[in-house]
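The primary structure of each chain is shown beneath.
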Amino acid sequence: MIPRYQKILFVVLLIASLAMGVVLWQLRERAHKRLVAGESSAPTTAPQVAPAEQATLVAANDNDNSLLPQVHSLPLPADPGARARAVLGRLLDLYADPEAKHPVPGGAASVMQVFLLPASRDAQSRDALAQLAVVNLGSGFAASHPSGLQTEALTIDSICATLRANLPHVAEVRFLVDGQTRATLAGHADLTRTYLTALAATAEGTKP
Amino acid sequence: MHWSKSATTVFLAMAALLTAAAQQAPPSPAPRFVVLIDAAHGGDDAGGKLGSGTLEKAANLAMSVRLRSLLGARGISVVTTRESDSAVDSNRRAEIANRVNAGACLSLHTTESGSGIHLFASSLAPAQPARFPAWKTAQAAWVTRSLAFAGVVNSALDHAGIGVTLSRTALPGIDSMTCPALAVEIAPQRGEDNKIDAEPDDADYQARVAAALAAAVVQWRTEGRQP
């Protein structure tokens, strides 16, 4: 038989414990609010906007199978890889236009990264600073690209010629899709090989 | 050793007879002229989709059948890479072409983009024939002849009133072929307002293109450019 005074003591202690728990929870919430209020989310560093520069985009035309250079003004970062990505992004934005002469959905977001690496020995024997550009495209771009020998070849050639026009040391180009090698762009153009930008530049401006 | 006068006479007469016989013997038969027709894609690889809803693999096969019939009617031997909706990889296509020692190879494609006929030769740089050419660049020794063949095909299509664009590009199957090889991509026929007059799977349009290609192959054979 538990004495009456022990029962009362147990109830009092239980109520005290619960009260202390509630008080501690409230103190924790107050401390959290104070910390959050103390953090400033205001921007403290102004973003650097790259100055607008002239870039040459070698645009494809499905109607006459031509590649013609166009000069555009766009902000270009100083980093060569980011610069290459910006230029190719603008080129693919041209193709994403519904009235484009070489319509390809996707736009700038399709160029995920452009890595610049030393080119092969063969290319470096002609230009000591020759570079290999590895263009990583999004799988959505490849999936939505129109299928056909000419249209796929024009996309590849225009990317290669645009890189050469803006980064003259880029002598070779390889393509990845979502970071992986892929057999073809949309069933035709070979994406397993290394493309020479000099050949794409030869095709530039050609009309039948 | 001294031969008698009669023995010498007999010997000379036999030599004369043998020479005459050799001159009258029929010449060795000319190598058979074989054309390889490669209907691109097939099986799981459907290729593109045309505006009419037809899959590229089906339109390519229909074109292959038309061209094979026209060439057969002109007495030209034809080998095809596929006769049904079956998957054939690019290496296998090149193996078939190289095994038959084809005098001309045509890889047939269809597309919804562009207009007219897009003719492609390999973008490999021309190279001297080698005894053991590398598989992926075997076409390099044939590029010059492929470009000459492209000229003949271009003329035939132009003569038929079909617009042509000529290009060079990397073609995995064709780059391994040891024959004058071209990829022929049939795009829609468009009017001056860029509206489509005939889809690539249109029977009449395909018949016109096939007739022009057959005429080009006959011209290519008679010009003696085949190996």
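Here the residue numbers are simple positions, counted from 1 along each chain's written sequence. Chains carry letters from A onward and ligands carry numbers from 1 onward, assigned in written order. In view of the model being predicted, local features appear only for residues whose pLDDT reaches at least 70, and side-chain atom pairs are presented and counted only at 80 or more, with totals across whole chains, interfaces and linings using the full set of residues.

A word on unusual backbone geometry. All names here are of chain B. Although it is not a glycine, N101 adopts a positive phi angle of roughly 55°. As for its placement among the helices and strands, N101 is situated in the loop between helix 3 (90-99) and strand 3 (104-110). On the basis of neighbour count, N101 is assigned to the partly exposed category, with 15 C-beta atoms found within 10 Å. Even without being glycine, N194 reaches a positive phi, approximately 70°. For helices the rule is a DSSP run of H or I covering at least 4 residues; for strands it is a run of E covering at least 2, with both sets numbered from the N terminus onward. Tracing the chain through its elements places N194 in the loop between strand 7 (189-190) and strand 8 (196-198). We call a residue exposed when 12 or fewer other C-beta atoms sit within 10 Å of its C-beta, buried when the count reaches 20 or more, and partly exposed for counts in between; the C-beta positions come from the backbone.

Turning our attention to the domain arrangement of chain A. Segmenting chain A into domains produces domain 1 (1-38) and domain 2 (52-203). Each domain's extent was defined by an automatic or database domain assignment. Once you take the C-alpha centre of each, domain 1 of chain A and domain 2 of chain A turn out to be 67 Å apart.

Further remarks concern the pairing of strand 5 (residues 170-177) of chain A. Residue and element names in this part refer to chain A. Within strand 5, six of the eight residues are buried, leaving the element largely enclosed by the surrounding structure. Pairing geometry for strand 4 (residues 131-137) and strand 5, over seven bridges, is parallel. Each bridged residue has a counterpart across the sheet, and for A133 the counterpart in strand 5 is V173. DSSP bridges decide pairing: two strands pair if at least two such bridges lie between them. Sheet analysis places strand 5 next to strand 6 (residues 195-196), joined by two bridges and oriented antiparallel. The residue bridging V173 from the neighbouring strand is Y195, located in strand 6.

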